[in-house]
Amino acid sequence: MTRLLVIETSPRGDASVSRHMTRHFVRHWQAAHPDGEITRRDLAGTGLAFVTGPWLEAYFTPPGQQSASMKETLRLSDELVTELLMTDHLLIATPVYNYNVPASLKAWIDHIVRKGVTLGIDGKGLLIGKRATVLVASGGVYTEGSPIRDRDIASQYLKLILGVIGIADVEVIAGGGAKAVDLGQETMDEFIGRLMPDFSRIAA
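Throughout what follows, the structure given in this document is the object of discussion. Per chain, the residues get numbers from 1 upward, laid out in the order the sequence is written. Local features in this predicted model are restricted to residues whose pLDDT is 70 or higher, and side-chain atom pairs enter the listing and the counts only when it is 80 or higher, whereas totals over whole chains, interfaces and linings include all residues. Computation of side-chain values covers all heavy atoms of the structure but excludes hydrogens and water.

**Looking at the pairing of strand β2 (residues 37-42)**
Strand residues, when the strand is regular, have side chains that alternate between the two faces of the sheet. Note the cut-off: Pairs of strands are assigned from DSSP output, requiring at least two bridges between the strands. What counts as a helix is a DSSP run of H or I of at least four residues, what counts as a strand is a run of E of at least two, and both are numbered from the N terminus. With the strands aimed away from the viewer, a crossover counts as right-handed if its path from the first strand over the helix to the second runs clockwise.
Pairing of strand β1 (residues 3-8) with β2, which is carried by six bridges, proceeds in the parallel orientation. When the bridges of β2 are listed, V6 appears paired with R40. Assessed by its sense of winding, the connection that carries the chain from β1 through helix α1 (residues 17-32) to β2 is right-handed.

In structure tokens, the structure reads:
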């Protein structure tokens, strides 16, 4: 059975372009994998904690020496890591804030990059054989030939960090120019419609 882990970040609800991208991608994925299993992790409004001093103390303490308090501090991180370890295909959907990912997604990343679990002690990624799809909704257009191509920090960062933990098969579906939907210059359906071929191809 194929497993898909969906990570969503936008706090905008039904007005979110990235969430609409997710819905359509997941529909294509379900059609291609009717017996597949989907796990969803919505980072918006969940108050995912940033890395703190106590978290780092627990992280750097060998498991056999961790106190009950330390284990509790790492409990959510352990849960997030388990979700990732159990999946075959990771789907991350995110808006772009000031050229990079939202703080909630950065917090999730800090929780799942774990030495000895997702990252080897030698620095080599341990999640070999998994694939990832990144859905990016951005006001700017950063595709090849764009004059602001060098500002495509969000997708570059996500590909980098996924590669660090061993996921080399990463495809990005760029929903550039999403501000046209917010400005009423284009409908959500029109915007999403242009991305459908990519959804179908990658989901399969």
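**Focus on unusual backbone geometry**
We count it as follows: Exposed residues in this analysis have more than 50% of their type's maximum accessible area, buried residues have under 20%, and partly exposed residues fall in between, with area computed by a 1.4 Å probe over protein chains only.
One non-glycine residue, N98, lies in positive phi territory at about 50 degrees. Mapped onto the elements, N98 comes out in the loop between β3 (89-95) and α5 (103-112). Judged by relative accessible area, N98 falls into the exposed class, the value being 74%.

**Quick notes on the sheet that holds strand β4 (residues 131-138)**
Rules: To obtain an axis, a line is fitted to C-alpha atoms, over the contacting stretch when the element is a helix, and the angle between two such axes runs from 0 to 180 degrees between their N-to-C directions. Contacts are residue-level and defined by heavy atoms, with any inter-residue pair within 4.5 Å sufficient.
Spatial ordering of the open sheet is given by β2-β1-β3-β4-β5, a layout of five strands whose pairing is parallel. In this open sheet, the two edge strands, each paired with only one partner strand, are β2 and β5 (169-176). Between one strand axis and the next, the sheet turns by 15 degrees as a mean value, whatever way the strands run. Of the strands in this sheet, β1 and β3 are in contact with α5, which crosses β3 at around 150 degrees. In the packing of helix α9 (residues 196-203) onto the sheet, the strands contacted are β3, β4 and β5, and the crossing angle to β5 comes to about 165 degrees.

**Thoughts on the packing of α5 against helix α6 (residues 153-164)**
Each pair of packed helices can be described by the angle between their axes along with the distance between the axes. Heads up, the condition is: The labels follow the angle: roughly parallel below 35 degrees, roughly antiparallel above 145, roughly perpendicular from 65 to 115, and oblique for the rest. Residue type decides the class: Asp, Glu, Lys and Arg count as charged, Ala, Val, Leu, Ile, Met, Phe, Trp, Tyr, Cys and Pro as nonpolar, and the leftover types, Gly among them, as polar.
In the contact formed by α5 and α6, the axes pass within 12 Å of each other and the chain directions differ by 10 degrees. Classed by the angle they form, the pair α5 and α6 counts as roughly parallel. For the pair formed by α5 and α6, the contact residues are L105, K106 and I109 on the first element and Y157, L158 and I161 on the second. Of the residues in the contact of α5 with α6, the class split is five nonpolar, no polar and one charged.

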